[in-house]
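Listed here are the chains, written in short residue letters.
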Amino acid sequence: MHATIRATLLPEIVRLISERYGCSVEDAMDRFYASATGANFSDDETGLYGQSALYIYGLYVDEVENE
């Protein structure tokens with residue numbers, strides 16, 4: 001079930017990253033999964049998969065722009 005939810009959210013998160021940073025969808029996906037936010041999104045224990053795509057995208061932007 002969690003994998004289905006993640007699969008539904010991921011395209012929107014990746015699209016937003018791609019648009020913001022002017023990179024390909026593939027690069028955006030690589031960037032997302034290389035981040036702490038992406039790692040947390042993949043981890044069922046965090047429950048991050050239960051948040052909206054915009055919320056997760058916001059966490060990602062905060063992470064990469066405020067390191």
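The structure this text deals with has already been given above.
Read on for a plain summary of the structure. Nothing here was measured: the structure is a model prediction, and the numbers come from that model.

**Describing the overall build of the chain**
Alright, step 1. What the chain contains, in helices and strands, is four helices and zero strands.
Alright, step 2. The N-to-C order of helical and strand elements in the chain reads α-α-α-α.
Alright, step 3. Taking all 67 residues of the chain together, the buried fraction comes to 33%.
Alright, step 4. Counting contacts in the chain only where the partners sit at least 6 residues apart, residues at least 24 apart contribute 54% of the total.
Alright, step 5. Summed over its atoms, the accessible surface of the chain is roughly 4000 Å², and 52% of this surface lies on carbon and sulfur atoms.

**Some remarks on the nonpolar core**
Alright, step 1. Ranked by size, the top nonpolar core spans 17 residues in total, and within it Leu9, Ile13, Ile17, Phe32, Phe41 and Ile56 carry the most contacts.
Alright, step 2. Those elements giving two or more residues to this core turn out to be α1 (2-21), α2 (25-34) and α4 (53-65).
Alright, step 3. If one sorts the elements of this core by residue count, α1 sits on top with six residues.
Alright, step 4. Apart from the residues within four sequence positions on either side, Phe32 is in contact with Leu10, Ile13, Ile17, Thr37, Gly38, Phe41, Ile56 and Tyr60.

**Here's the deal with the environment of Ile56**
Alright, step 1. Its location among the elements puts Ile56 in helix α4.
Alright, step 2. Since its relative accessible area comes to 0%, Ile56 is described here as buried.
Alright, step 3. It is 14 Å that separates the C-alpha atoms of Ile56 and Ser18, two residues lying 38 residues apart in sequence.
Alright, step 4. Apart from residues lying up to four places away in sequence, Ile56 is in contact with Leu9, Ile13, Phe32, Thr37, Phe41, Leu48 and Gln51.

**Some details on the packing of aromatic side chains**
Alright, step 1. If you walk through the whole model with that rule in mind, you get four aromatic pairs.
Alright, step 2. Considering the side-chain rings of Phe32 and Phe41, the 5.6 Å spacing of their centres and the 65° angle between planes classify their relative orientation as edge-to-face.
Alright, step 3. When its relative accessible area of 0% is taken as the criterion, Phe32 is described as buried.
Alright, step 4. Judged by its relative accessible area of 0%, Phe41 is buried.

**Here's the deal with the packing of α1 against α2**
Alright, step 1. The N-to-C vectors of α1 and α2 enclose an angle of 105°; their axes lie 8 Å apart at closest approach. Of the possible angle classes, the one that applies to α1 and α2 is roughly perpendicular. Along the contact surface, α1 presents Leu10, Ile13, Val14, Ile17, Ser18 and Tyr21, while α2 presents Val25, Ala28, Met29, Arg31, Phe32 and Tyr33.
Alright, step 2. When the residues that make up the contact of α1 with α2 are grouped by side-chain class, the tally is 10 nonpolar, one polar and one charged.

Rules of the game
- Residues numbered from 1 in each chain as written.
- Predicted model: local features only at pLDDT ≥ 70, side-chain atom pairs only at ≥ 80, totals over all residues.
- Heavy atoms only, no water.
- Helix = DSSP H or I, 4+ residues; strand = E, 2+ residues; numbered from the N terminus.
- Buried < 20%, exposed > 50% of the residue type's maximum accessible area, 1.4 Å probe, protein only.
- Contact = heavy atoms within 4.5 Å.
- Areas by Shrake-Rupley, 256 points an atom, 1.4 Å probe, with all protein chains shown as cover.
- Core = buried A, V, L, I, M, F, W, Y, C linked by side-chain atoms within 4.5 Å.
- Phe/Tyr/Trp six-rings, centres within 6.5 Å; stacked < 30°, edge-to-face > 60°.
- Axes fitted to C-alpha atoms, helices over the stretch in contact; angles between N-to-C directions.
- Parallel < 35°, antiparallel > 145°, perpendicular 65-115°, else oblique.
- Nonpolar A, V, L, I, M, F, W, Y, C, P; charged D, E, K, R; others polar.

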